[in-house]
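Results of the structural survey
Here is how the chains run, residue by residue.
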Amino acid sequence: MMNICIVGAGYVGLTTAAALAEFGHDVLCVDIEQSKIDMLNQGLIPIYEPGLEELIRKNVQNGNLHFSFDVKEGIKNNQIIQIAVGTPPKKDGSSDLGYIHNVIEVVHSTIQDYKIVITKSTVPPGTNEWIHQRFLDEGIDEKLFDIVSNPEFLREGIALWDIFHPNKIVFGTRTKRPIKVLKKLYQSGRAPVIFTSLTGAEMIKYASNAFLATKISFANETARICDAYNVEYSDVALGLGTDPRIGRDFLKAGLGFGGSCLPKDLRSLMYSAQRKNVDTRLLDAVLEINNTQVELYLKKLNTHLPDFKGKRITVWGVTFKPNTDDLRFSPAIALISELVNKGANVHTYDPIVQLQLPAICSHANQNESITNSDALIIATEWEQFLNSNWAEVKSRMSGSIILDARNCLDAETIRKNGLIYLGVGRR
Ligand code: UDX
Ligand code: UDX
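Treat the numbers as computed from the prediction; the structure is a model and nothing was measured.

Okay, helix H12 (residues 281-291) next. Every buried residue belonging to H12 is among Leu283, Val286, Leu287, Ile289 and Asn290, and all of these are buried. For H12, the angular spread of the buried residues around the axis is 160°, confining them to a single face. More than 90 degrees from the buried face of H12, the exposed residues found are Arg281 and Asn291. Close packing links the buried residues of H12 with helix H9 (198-228), helix H11 (262-275) and helix H13 (293-302).

Right under this line is the structure:
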(Lines give C-alpha, C1' and ligand atoms only; values in the text may rest on other atoms or scores of the structure.)
(Ligands and ions follow the chains in the order given, each with its own letter.)
Protein backbone atom coordinates (compact mmCIF):
# COMPACT_ATOMS: atom_id res chain seq x y z
CA MET A 1 0.00 0.00 0.00
CA MET A 2 1.31 3.44 -0.93
CA ASN A 3 0.25 7.00 -0.20
CA ILE A 4 -0.51 8.78 -3.45
CA CYS A 5 -1.62 12.31 -4.24
CA ILE A 6 -3.34 12.80 -7.59
CA VAL A 7 -3.50 16.39 -8.80
CA GLY A 8 -6.52 17.08 -11.02
CA ALA A 9 -9.99 15.61 -10.52
CA GLY A 10 -10.91 15.47 -14.21
CA TYR A 11 -11.67 12.47 -16.42
CA VAL A 12 -8.19 10.99 -16.06
CA GLY A 13 -7.45 12.05 -12.46
CA LEU A 14 -10.73 10.80 -11.00
CA THR A 15 -10.66 7.46 -12.81
CA THR A 16 -7.05 6.87 -11.82
CA ALA A 17 -7.74 7.89 -8.22
CA ALA A 18 -10.68 5.48 -7.97
CA ALA A 19 -8.72 2.61 -9.52
CA LEU A 20 -5.63 3.11 -7.35
CA ALA A 21 -7.84 3.23 -4.23
CA GLU A 22 -9.52 0.00 -5.40
CA PHE A 23 -6.04 -1.57 -5.70
CA GLY A 24 -5.65 -0.82 -1.96
CA HIS A 25 -3.55 2.35 -2.01
CA ASP A 26 -4.31 5.36 0.15
CA VAL A 27 -5.24 8.01 -2.39
CA LEU A 28 -5.80 11.72 -2.00
CA CYS A 29 -7.19 13.47 -5.08
CA VAL A 30 -6.77 17.26 -5.10
CA ASP A 31 -8.11 19.93 -7.41
CA ILE A 32 -7.98 23.72 -7.41
CA GLU A 33 -11.72 23.92 -8.12
CA GLN A 34 -13.39 23.92 -4.73
CA SER A 35 -16.86 23.29 -6.16
CA LYS A 36 -15.64 20.00 -7.70
CA ILE A 37 -14.14 18.87 -4.41
CA ASP A 38 -17.30 19.85 -2.51
CA MET A 39 -19.37 17.73 -4.90
CA LEU A 40 -17.00 14.78 -4.55
CA ASN A 41 -17.09 15.02 -0.77
CA GLN A 42 -20.90 14.79 -0.98
CA GLY A 43 -20.61 11.56 -2.96
CA LEU A 44 -21.43 13.16 -6.34
CA ILE A 45 -19.15 13.22 -9.36
CA PRO A 46 -18.75 16.23 -11.64
CA ILE A 47 -18.53 14.15 -14.86
CA TYR A 48 -20.54 11.36 -16.47
CA GLU A 49 -18.53 8.15 -16.58
CA PRO A 50 -20.41 4.82 -16.20
CA GLY A 51 -19.62 3.06 -12.90
CA LEU A 52 -17.29 5.74 -11.59
CA GLU A 53 -19.62 7.24 -9.01
CA GLU A 54 -20.21 3.83 -7.37
CA LEU A 55 -16.51 3.01 -7.33
CA ILE A 56 -15.62 6.37 -5.80
CA ARG A 57 -18.33 6.06 -3.17
CA LYS A 58 -17.17 2.55 -2.23
CA ASN A 59 -13.55 3.63 -1.79
CA VAL A 60 -14.43 6.80 0.11
CA GLN A 61 -16.49 4.64 2.47
CA ASN A 62 -13.69 2.13 3.04
CA GLY A 63 -11.27 4.97 3.72
CA ASN A 64 -8.94 4.50 0.74
CA LEU A 65 -9.98 7.64 -1.15
CA HIS A 66 -10.09 11.26 -0.03
CA PHE A 67 -10.61 14.61 -1.73
CA SER A 68 -9.25 18.05 -0.96
CA PHE A 69 -8.77 21.42 -2.64
CA ASP A 70 -5.64 22.10 -0.61
CA VAL A 71 -3.26 21.19 -3.43
CA LYS A 72 -0.19 22.38 -1.51
CA GLU A 73 -0.83 20.23 1.58
CA GLY A 74 -1.67 17.21 -0.59
CA ILE A 75 1.59 17.49 -2.50
CA LYS A 76 3.62 18.18 0.63
CA ASN A 77 2.29 15.18 2.55
CA ASN A 78 2.59 12.45 -0.08
CA GLN A 79 5.64 10.73 -1.51
CA ILE A 80 4.03 9.82 -4.82
CA ILE A 81 2.53 12.67 -6.82
CA GLN A 82 0.56 11.94 -9.98
CA ILE A 83 -0.15 14.92 -12.20
CA ALA A 84 -3.43 14.66 -14.13
CA VAL A 85 -4.21 18.29 -14.93
CA GLY A 86 -5.35 19.27 -18.40
CA THR A 87 -2.97 20.20 -21.22
CA PRO A 88 -5.36 22.03 -23.56
CA PRO A 89 -4.44 23.05 -27.11
CA LYS A 90 -3.28 26.55 -27.95
CA LYS A 91 -4.34 28.23 -31.21
CA ASP A 92 -1.11 27.16 -32.98
CA GLY A 93 -1.71 23.49 -32.08
CA SER A 94 0.93 23.32 -29.35
CA SER A 95 -0.06 22.15 -25.87
CA ASP A 96 -0.63 24.66 -23.08
CA LEU A 97 1.55 23.42 -20.24
CA GLY A 98 0.59 26.23 -17.84
CA TYR A 99 -1.27 23.90 -15.45
CA ILE A 100 1.64 21.48 -15.38
CA HIS A 101 4.01 24.35 -14.57
CA ASN A 102 1.75 25.44 -11.68
CA VAL A 103 1.84 21.98 -10.12
CA ILE A 104 5.62 21.69 -10.54
CA GLU A 105 6.10 25.04 -8.81
CA VAL A 106 4.10 23.77 -5.83
CA VAL A 107 6.30 20.66 -5.63
CA HIS A 108 9.41 22.87 -5.72
CA SER A 109 8.15 25.10 -2.95
CA THR A 110 7.17 22.25 -0.61
CA ILE A 111 9.69 19.48 -1.22
CA GLN A 112 11.45 18.26 1.94
CA ASP A 113 11.88 14.53 1.44
CA TYR A 114 12.14 12.06 -1.50
CA LYS A 115 9.28 12.28 -4.01
CA ILE A 116 8.32 10.48 -7.19
CA VAL A 117 6.59 12.91 -9.52
CA ILE A 118 4.57 11.04 -12.14
CA THR A 119 3.17 12.88 -15.16
CA LYS A 120 -0.06 11.24 -16.36
CA SER A 121 -1.16 14.25 -18.39
CA THR A 122 -0.35 14.05 -22.09
CA VAL A 123 2.67 16.25 -22.69
CA PRO A 124 4.86 16.88 -25.77
CA PRO A 125 8.16 15.04 -26.20
CA GLY A 126 10.82 16.66 -24.03
CA THR A 127 8.44 17.99 -21.33
CA ASN A 128 9.41 15.53 -18.58
CA GLU A 129 13.12 16.09 -19.29
CA TRP A 130 12.37 19.79 -18.94
CA ILE A 131 10.58 19.13 -15.62
CA HIS A 132 13.65 17.24 -14.37
CA GLN A 133 15.89 20.15 -15.37
CA ARG A 134 13.57 22.64 -13.63
CA PHE A 135 14.09 20.75 -10.34
CA LEU A 136 17.85 20.98 -10.79
CA ASP A 137 17.63 24.68 -11.70
CA GLU A 138 15.73 25.25 -8.46
CA GLY A 139 18.74 23.80 -6.64
CA ILE A 140 16.87 20.64 -5.58
CA ASP A 141 19.23 17.72 -4.94
CA GLU A 142 18.83 14.86 -7.44
CA LYS A 143 18.59 12.46 -4.49
CA LEU A 144 15.29 14.09 -3.51
CA PHE A 145 13.22 13.34 -6.60
CA ASP A 146 12.51 11.12 -9.56
CA ILE A 147 10.45 12.27 -12.52
CA VAL A 148 8.35 9.60 -14.24
CA SER A 149 6.31 9.78 -17.43
CA ASN A 150 3.29 7.47 -17.18
CA PRO A 151 0.82 8.24 -19.97
CA GLU A 152 -2.79 7.14 -19.67
CA PHE A 153 -4.59 5.26 -22.46
CA LEU A 154 -8.12 5.08 -21.06
CA ARG A 155 -11.08 5.97 -23.23
CA GLU A 156 -13.92 8.06 -21.88
CA GLY A 157 -17.18 6.15 -21.55
CA ILE A 158 -15.39 2.88 -20.80
CA ALA A 159 -12.64 4.31 -18.64
CA LEU A 160 -13.07 1.80 -15.80
CA TRP A 161 -12.89 -1.19 -18.11
CA ASP A 162 -9.74 0.26 -19.67
CA ILE A 163 -8.01 0.99 -16.38
CA PHE A 164 -8.75 -2.47 -14.95
CA HIS A 165 -7.89 -4.25 -18.23
CA PRO A 166 -5.01 -2.25 -19.68
CA ASN A 167 -3.36 -3.50 -22.86
CA LYS A 168 -0.09 -1.98 -21.71
CA ILE A 169 1.39 0.10 -18.93
CA VAL A 170 4.11 2.55 -19.91
CA PHE A 171 6.67 4.12 -17.60
CA GLY A 172 9.37 6.51 -18.74
CA THR A 173 12.16 7.02 -16.23
CA ARG A 174 15.66 8.54 -16.17
CA THR A 175 17.11 5.99 -13.77
CA LYS A 176 16.23 2.57 -12.34
CA ARG A 177 15.60 4.01 -8.87
CA PRO A 178 11.78 4.44 -9.02
CA ILE A 179 11.12 1.16 -10.87
CA LYS A 180 10.53 -1.00 -7.75
CA VAL A 181 7.83 1.39 -6.52
CA LEU A 182 6.27 1.80 -9.97
CA LYS A 183 5.88 -1.96 -10.36
CA LYS A 184 3.63 -1.95 -7.26
CA LEU A 185 1.47 0.95 -8.40
CA TYR A 186 -1.01 -0.76 -10.75
CA GLN A 187 -2.35 -4.25 -11.20
CA SER A 188 -1.25 -4.88 -14.75
CA GLY A 189 -2.67 -8.41 -15.08
CA ARG A 190 -1.27 -9.86 -18.28
CA ALA A 191 -0.53 -6.48 -19.80
CA PRO A 192 3.09 -5.81 -20.68
CA VAL A 193 4.78 -3.18 -18.57
CA ILE A 194 7.04 -1.13 -20.82
CA PHE A 195 9.93 0.80 -19.36
CA THR A 196 11.55 3.44 -21.54
CA SER A 197 13.03 6.93 -21.34
CA LEU A 198 10.94 9.94 -20.28
CA THR A 199 10.65 11.13 -23.88
CA GLY A 200 10.09 7.58 -25.14
CA ALA A 201 6.97 7.31 -22.98
CA GLU A 202 5.71 10.67 -24.21
CA MET A 203 6.20 9.52 -27.80
CA ILE A 204 4.35 6.24 -27.17
CA LYS A 205 1.29 8.21 -26.10
CA TYR A 206 1.39 10.61 -29.06
CA ALA A 207 2.16 7.90 -31.59
CA SER A 208 -0.73 5.77 -30.24
CA ASN A 209 -3.28 8.55 -30.60
CA ALA A 210 -1.87 9.62 -33.97
CA PHE A 211 -2.15 6.04 -35.23
CA LEU A 212 -5.75 5.72 -34.01
CA ALA A 213 -6.56 9.01 -35.74
CA THR A 214 -4.87 7.73 -38.89
CA LYS A 215 -6.99 4.57 -38.84
CA ILE A 216 -10.16 6.65 -38.57
CA SER A 217 -9.19 8.99 -41.42
CA PHE A 218 -8.22 5.96 -43.49
CA ALA A 219 -11.68 4.50 -42.76
CA ASN A 220 -13.34 7.77 -43.74
CA GLU A 221 -11.42 8.08 -47.00
CA THR A 222 -12.13 4.45 -47.84
CA ALA A 223 -15.84 5.04 -47.11
CA ARG A 224 -15.80 7.98 -49.54
CA ILE A 225 -14.44 5.73 -52.27
CA CYS A 226 -16.98 3.02 -51.38
CA ASP A 227 -19.69 5.65 -51.63
CA ALA A 228 -18.62 6.57 -55.15
CA TYR A 229 -18.81 2.90 -56.21
CA ASN A 230 -22.00 2.10 -54.29
CA VAL A 231 -20.19 -0.34 -52.01
CA GLU A 232 -21.23 -1.09 -48.43
CA TYR A 233 -18.28 0.22 -46.37
CA SER A 234 -19.15 -1.88 -43.30
CA ASP A 235 -18.53 -5.05 -45.40
CA VAL A 236 -15.15 -3.63 -46.38
CA ALA A 237 -14.36 -2.74 -42.75
CA LEU A 238 -15.24 -6.28 -41.71
CA GLY A 239 -13.03 -7.74 -44.42
CA LEU A 240 -10.21 -5.39 -43.50
CA GLY A 241 -10.51 -5.90 -39.76
CA THR A 242 -10.41 -9.69 -39.85
CA ASP A 243 -6.75 -9.45 -40.87
CA PRO A 244 -4.99 -9.42 -37.50
CA ARG A 245 -2.29 -7.20 -38.95
CA ILE A 246 -4.96 -4.52 -39.43
CA GLY A 247 -7.36 -5.24 -36.54
CA ARG A 248 -11.08 -4.53 -36.24
CA ASP A 249 -10.98 -1.49 -33.98
CA PHE A 250 -11.06 2.14 -35.06
CA LEU A 251 -12.28 1.44 -38.57
CA LYS A 252 -15.70 3.03 -38.10
CA ALA A 253 -16.45 5.69 -40.70
CA GLY A 254 -18.54 8.70 -39.77
CA LEU A 255 -18.38 12.34 -38.75
CA GLY A 256 -14.76 11.90 -37.68
CA PHE A 257 -12.77 11.90 -34.47
CA GLY A 258 -13.30 14.46 -31.73
CA GLY A 259 -12.83 14.59 -27.99
CA SER A 260 -10.20 16.06 -25.74
CA CYS A 261 -7.38 13.82 -26.97
CA LEU A 262 -7.20 12.64 -30.59
CA PRO A 263 -7.49 16.07 -32.31
CA LYS A 264 -5.36 17.83 -29.70
CA ASP A 265 -2.63 15.21 -29.51
CA LEU A 266 -2.39 14.92 -33.28
CA ARG A 267 -1.89 18.67 -33.65
CA SER A 268 0.54 18.80 -30.75
CA LEU A 269 2.64 15.98 -32.24
CA MET A 270 2.66 17.78 -35.60
CA TYR A 271 3.79 20.97 -33.87
CA SER A 272 6.56 19.11 -32.01
CA ALA A 273 7.74 17.50 -35.25
CA GLN A 274 7.69 20.72 -37.26
CA ARG A 275 9.69 22.52 -34.53
CA LYS A 276 12.47 20.08 -35.34
CA ASN A 277 11.93 20.43 -39.11
CA VAL A 278 10.39 16.98 -39.43
CA ASP A 279 7.88 16.77 -42.27
CA THR A 280 4.39 15.51 -41.23
CA ARG A 281 2.59 15.03 -44.55
CA LEU A 282 0.85 11.85 -43.38
CA LEU A 283 -0.49 13.47 -40.21
CA ASP A 284 -1.42 16.64 -42.17
CA ALA A 285 -3.64 14.49 -44.39
CA VAL A 286 -5.16 12.69 -41.39
CA LEU A 287 -6.23 16.02 -39.91
CA GLU A 288 -7.37 17.42 -43.26
CA ILE A 289 -9.65 14.43 -43.90
CA ASN A 290 -11.10 14.75 -40.42
CA ASN A 291 -11.71 18.47 -40.87
CA THR A 292 -13.78 17.86 -44.00
CA GLN A 293 -16.07 15.12 -42.67
CA VAL A 294 -18.81 17.52 -41.51
CA GLU A 295 -18.85 19.17 -44.94
CA LEU A 296 -19.04 15.73 -46.60
CA TYR A 297 -22.13 14.75 -44.58
CA LEU A 298 -23.81 18.11 -45.20
CA LYS A 299 -23.26 17.62 -48.95
CA LYS A 300 -24.90 14.23 -48.62
CA LEU A 301 -27.88 15.85 -46.92
CA ASN A 302 -27.95 18.46 -49.70
CA THR A 303 -28.66 15.74 -52.24
CA HIS A 304 -32.18 15.49 -50.77
CA LEU A 305 -32.49 18.88 -49.08
CA PRO A 306 -30.91 21.42 -51.46
CA ASP A 307 -31.41 24.46 -49.20
CA PHE A 308 -31.22 24.33 -45.39
CA LYS A 309 -32.64 27.82 -44.91
CA GLY A 310 -35.71 27.72 -42.66
CA LYS A 311 -35.67 23.90 -42.62
CA ARG A 312 -36.22 22.18 -39.30
CA ILE A 313 -33.33 19.77 -38.77
CA THR A 314 -32.99 17.58 -35.71
CA VAL A 315 -29.63 16.30 -34.51
CA TRP A 316 -29.51 13.31 -32.16
CA GLY A 317 -26.35 13.07 -30.06
CA VAL A 318 -24.17 16.07 -29.28
CA THR A 319 -21.25 14.55 -27.35
CA PHE A 320 -18.04 13.54 -29.16
CA LYS A 321 -18.97 9.86 -28.76
CA PRO A 322 -21.56 7.79 -26.84
CA ASN A 323 -21.51 7.17 -23.06
CA THR A 324 -19.87 10.46 -22.14
CA ASP A 325 -21.03 14.00 -21.39
CA ASP A 326 -17.88 15.44 -22.97
CA LEU A 327 -18.46 18.08 -25.65
CA ARG A 328 -14.81 18.98 -26.22
CA PHE A 329 -14.09 19.02 -29.99
CA SER A 330 -17.34 17.18 -30.65
CA PRO A 331 -17.90 16.75 -34.41
CA ALA A 332 -21.65 16.95 -33.64
CA ILE A 333 -21.18 20.52 -32.38
CA ALA A 334 -19.24 21.45 -35.53
CA LEU A 335 -22.11 20.00 -37.59
CA ILE A 336 -24.74 21.90 -35.58
CA SER A 337 -22.82 25.20 -35.99
CA GLU A 338 -22.63 24.69 -39.76
CA LEU A 339 -26.35 23.96 -39.95
CA VAL A 340 -27.09 27.13 -37.97
CA ASN A 341 -24.76 29.14 -40.26
CA LYS A 342 -26.64 27.83 -43.27
CA GLY A 343 -29.94 29.10 -41.83
CA ALA A 344 -31.40 25.81 -40.57
CA ASN A 345 -33.73 25.73 -37.63
CA VAL A 346 -31.78 23.24 -35.46
CA HIS A 347 -33.30 21.04 -32.76
CA THR A 348 -31.18 18.67 -30.67
CA TYR A 349 -31.61 15.73 -28.35
CA ASP A 350 -28.93 13.93 -26.35
CA PRO A 351 -29.43 11.28 -23.66
CA ILE A 352 -27.09 13.07 -21.21
CA VAL A 353 -26.44 16.65 -22.29
CA GLN A 354 -28.90 19.53 -22.62
CA LEU A 355 -26.99 21.60 -25.14
CA GLN A 356 -26.80 25.31 -24.36
CA LEU A 357 -26.08 27.08 -27.64
CA PRO A 358 -27.62 30.23 -29.09
CA ALA A 359 -30.02 29.70 -32.01
CA ILE A 360 -30.75 26.05 -31.29
CA CYS A 361 -33.58 24.36 -29.45
CA SER A 362 -32.46 21.57 -27.12
CA HIS A 363 -35.07 18.96 -26.13
CA ALA A 364 -35.24 16.72 -23.08
CA ASN A 365 -37.50 14.28 -24.93
CA GLN A 366 -36.27 12.24 -27.90
CA ASN A 367 -39.66 12.00 -29.64
CA GLU A 368 -40.54 15.65 -29.17
CA SER A 369 -37.23 16.67 -30.74
CA ILE A 370 -38.33 15.33 -34.16
CA THR A 371 -41.84 16.74 -34.31
CA ASN A 372 -42.31 18.45 -37.70
CA SER A 373 -38.64 17.97 -38.66
CA ASP A 374 -37.59 17.89 -42.29
CA ALA A 375 -34.51 15.77 -41.54
CA LEU A 376 -32.99 13.83 -38.67
CA ILE A 377 -29.22 13.44 -38.32
CA ILE A 378 -27.63 10.83 -36.07
CA ALA A 379 -24.38 12.50 -35.00
CA THR A 380 -23.43 10.22 -32.09
CA GLU A 381 -24.20 6.50 -32.00
CA TRP A 382 -25.91 6.26 -28.59
CA GLU A 383 -27.40 2.78 -28.10
CA GLN A 384 -30.93 4.12 -27.56
CA PHE A 385 -30.97 5.69 -31.06
CA LEU A 386 -30.33 2.32 -32.67
CA ASN A 387 -33.53 0.92 -31.17
CA SER A 388 -35.79 3.83 -32.07
CA ASN A 389 -39.38 3.24 -33.11
CA TRP A 390 -39.00 4.30 -36.76
CA ALA A 391 -42.74 4.16 -37.47
CA GLU A 392 -43.22 6.73 -34.72
CA VAL A 393 -40.31 8.78 -36.07
CA LYS A 394 -41.94 8.80 -39.51
CA SER A 395 -45.33 9.85 -38.14
CA ARG A 396 -43.86 12.72 -36.13
CA MET A 397 -41.57 14.16 -38.79
CA SER A 398 -42.88 16.31 -41.60
CA GLY A 399 -40.03 15.22 -43.91
CA SER A 400 -38.55 11.76 -44.23
CA ILE A 401 -34.76 12.11 -44.41
CA ILE A 402 -32.55 10.21 -41.97
CA LEU A 403 -28.85 11.04 -42.28
CA ASP A 404 -26.86 8.41 -40.41
CA ALA A 405 -23.57 10.21 -39.81
CA ARG A 406 -22.18 7.34 -37.70
CA ASN A 407 -23.08 4.37 -39.93
CA CYS A 408 -24.91 2.87 -36.98
CA LEU A 409 -28.46 2.24 -38.24
CA ASP A 410 -29.92 -0.59 -40.26
CA ALA A 411 -30.75 1.05 -43.60
CA GLU A 412 -33.36 -1.56 -44.52
CA THR A 413 -35.37 -1.03 -41.32
CA ILE A 414 -35.38 2.72 -41.92
CA ARG A 415 -36.54 2.32 -45.53
CA LYS A 416 -39.23 -0.21 -44.57
CA ASN A 417 -40.77 2.54 -42.46
CA GLY A 418 -41.12 4.86 -45.43
CA LEU A 419 -38.07 6.95 -44.57
CA ILE A 420 -35.13 7.92 -46.80
CA TYR A 421 -31.83 6.56 -45.49
CA LEU A 422 -28.63 8.52 -46.22
CA GLY A 423 -25.09 7.60 -45.24
CA VAL A 424 -21.59 7.64 -46.69
CA GLY A 425 -20.52 4.22 -47.96
CA ARG A 426 -23.97 2.74 -47.22
CA ARG A 427 -26.15 0.99 -49.74
C1 UDX B 1 -6.41 14.52 -19.09
C2 UDX B 1 -4.92 14.81 -19.24
O3 UDX B 1 -4.42 15.26 -18.09
C4 UDX B 1 -4.64 15.54 -20.48
O5 UDX B 1 -3.30 15.90 -20.60
C6 UDX B 1 -5.00 14.55 -21.53
O7 UDX B 1 -4.64 15.00 -22.78
C8 UDX B 1 -6.48 14.29 -21.45
O9 UDX B 1 -6.80 13.77 -20.22
P10 UDX B 1 -8.68 15.49 -18.40
O11 UDX B 1 -8.70 14.55 -17.25
O12 UDX B 1 -9.59 15.24 -19.55
O13 UDX B 1 -7.18 15.62 -18.96
O14 UDX B 1 -8.80 17.01 -17.94
P15 UDX B 1 -9.95 17.75 -17.13
O16 UDX B 1 -11.18 16.92 -17.09
O17 UDX B 1 -9.98 19.14 -17.67
O18 UDX B 1 -9.35 17.77 -15.63
C19 UDX B 1 -8.24 18.47 -15.20
C20 UDX B 1 -8.48 18.89 -13.74
O21 UDX B 1 -7.30 19.47 -13.21
C22 UDX B 1 -9.59 19.93 -13.56
O23 UDX B 1 -10.53 19.46 -12.63
C24 UDX B 1 -8.86 21.17 -13.05
O25 UDX B 1 -9.63 21.95 -12.14
C26 UDX B 1 -7.65 20.55 -12.36
N27 UDX B 1 -6.49 21.45 -12.20
C28 UDX B 1 -6.05 22.18 -13.23
C29 UDX B 1 -5.84 21.50 -10.96
O30 UDX B 1 -6.25 20.86 -10.02
N31 UDX B 1 -4.74 22.29 -10.85
C32 UDX B 1 -4.28 23.08 -11.85
O33 UDX B 1 -3.29 23.81 -11.68
C34 UDX B 1 -4.97 23.00 -13.08
C1 UDX C 1 -8.67 8.40 -26.90
C2 UDX C 1 -7.81 7.12 -26.95
O3 UDX C 1 -8.57 6.06 -27.52
C4 UDX C 1 -7.31 6.77 -25.56
O5 UDX C 1 -6.45 5.65 -25.62
C6 UDX C 1 -6.59 7.97 -24.98
O7 UDX C 1 -6.20 7.72 -23.67
C8 UDX C 1 -7.47 9.19 -25.00
O9 UDX C 1 -7.92 9.43 -26.33
P10 UDX C 1 -11.17 9.02 -26.22
O11 UDX C 1 -10.84 10.40 -26.68
O12 UDX C 1 -11.85 8.83 -24.91
O13 UDX C 1 -9.85 8.11 -26.16
O14 UDX C 1 -12.11 8.36 -27.33
P15 UDX C 1 -11.98 7.30 -28.51
O16 UDX C 1 -12.81 6.13 -28.16
O17 UDX C 1 -10.58 7.08 -28.89
O18 UDX C 1 -12.73 8.08 -29.70
C19 UDX C 1 -12.20 9.30 -30.22
C20 UDX C 1 -13.03 9.79 -31.36
O21 UDX C 1 -12.87 8.96 -32.49
C22 UDX C 1 -14.54 9.85 -31.11
O23 UDX C 1 -15.04 11.07 -31.62
C24 UDX C 1 -15.09 8.67 -31.86
O25 UDX C 1 -16.41 8.88 -32.29
C26 UDX C 1 -14.13 8.59 -33.04
N27 UDX C 1 -14.02 7.25 -33.63
C28 UDX C 1 -13.53 6.21 -32.90
C29 UDX C 1 -14.40 7.05 -34.97
O30 UDX C 1 -14.83 7.99 -35.66
N31 UDX C 1 -14.25 5.79 -35.51
C32 UDX C 1 -13.78 4.74 -34.80
O33 UDX C 1 -13.68 3.65 -35.36
C34 UDX C 1 -13.40 4.95 -33.45
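From this point, things continue past the structure.
Let's shift gears to the environment of Thr222. For Thr222, the location among the structural elements is in helix H9. Beyond its immediate sequence surroundings of up to four residues, Thr222 is in contact with Tyr233 and Val236. Of the polar contacts made by the side chain of Thr222, one reaches the backbone oxygen of Phe218; its length is 2.7 Å.

On to the domain arrangement of the protein chain, then. In terms of domains, the protein chain is made up of domain 1 (3-196) and domain 2 (206-427). Of note, the centres of domain 1 and domain 2, computed from C-alpha atoms alone, are 33 Å apart. Facing 23 residues of domain 1, the contacting portion of domain 2 comprises 18 residues. Between domain 1 and domain 2 we count one salt bridge in total. Our count for the domain 1 to domain 2 interface comes out at eight residue pairs in polar contact (both at pLDDT 80 or more).

Time to look at the site of ligand 2. The local shell around ligand 2 holds 20 residues, among which Phe153, Leu154, Glu156, Lys252 and Phe320 are the closest. At 3.2 Å, a backbone N or O of Glu152 approaches an oxygen atom of ligand 2. Considered on its own, ligand 2 offers 660 Å² of accessible surface; in the complex 92% of this is hidden by protein. Looking at the shell around ligand 2 element by element, the count peaks at four residues for H9. Along the lines of polarity and charge, the residues of the shell around ligand 2 split into 10 nonpolar, three polar and seven charged. Structurally, the shell around ligand 2 is a two-domain feature, drawing no fewer than three residues from each of domain 1 (3-196) and domain 2 (206-427).

This part is about the site of ligand 1. Around ligand 1 sit 20 residues, and of these Asp31, Lys36, Val85, Thr87 and Lys264 come closest. In the environment of ligand 1, an oxygen atom lies 2.9 Å from a nitrogen or oxygen atom belonging to the backbone of Val12. Ser121 is positioned such that a nitrogen or oxygen atom in its side chain is 3.2 Å from an oxygen atom of ligand 1. Relative to its unbound accessible surface of 700 Å², ligand 1 loses 90% to contact with the protein. Those elements giving two or more residues to the shell around ligand 1 turn out to be helix H1 (11-22) and helix H5 (98-110).

Close contact between H9 and helix H10 (residues 233-241) brings their axes to 9 Å; oriented N to C, the two are set at 135°. The pairing of H9 with H10 is recorded here as oblique in orientation. The element H9 and its partner H10 pack so that their crossing is right-handed. In this structure, H9 contributes Phe218, Ala219, Thr222, Ala223 and Cys226 to the contact, and H10 contributes Tyr233, Val236 and Leu240. When its residues are assigned to classes, the contact of H9 with H10 shows seven nonpolar, one polar and no charged.

This paragraph deals with the pattern of salt bridges. Following the criterion strictly, the structure yields 23 salt bridges and no others. For Arg57, the salt bridge identified is with Glu53, shortest N-O distance 2.9 Å. One end of the pair is Arg57 and the other is Glu53, both in helix H3 (residues 52-61) and four residues apart, which spans about a single turn. Residues participating in the shared-partner salt-bridge network are Glu105, Arg134 and Glu138.

Conventions used here
- Residues numbered from 1 in each chain as written.
- Chains lettered and ligands numbered in written order.
- Predicted model: local features only at pLDDT ≥ 70, side-chain atom pairs only at ≥ 80, totals over all residues.
- Heavy atoms only, no water.
- Buried < 20%, exposed > 50% of the residue type's maximum accessible area, 1.4 Å probe, protein only.
- Helix = DSSP H or I, 4+ residues; strand = E, 2+ residues; numbered from the N terminus.
- Arc of directions from axis to C-beta.
- Contact = heavy atoms within 4.5 Å.
- Polar contact = N/O pair within 3.5 Å; in protein donor to acceptor, adjacent residues only side chain to side chain.
- Domains from an automatic or database assignment.
- Salt bridge = Lys/Arg side-chain N within 4 Å of Asp/Glu carboxyl O.
- Near = heavy atom within 4 Å.
- Areas by Shrake-Rupley, 256 points an atom, 1.4 Å probe, with all protein chains shown as cover.
- Nonpolar A, V, L, I, M, F, W, Y, C, P; charged D, E, K, R; others polar.
- Axes fitted to C-alpha atoms, helices over the stretch in contact; angles between N-to-C directions.
- Parallel < 35°, antiparallel > 145°, perpendicular 65-115°, else oblique.
- Left-handed = near helix turned anticlockwise from the far one by under 90°.

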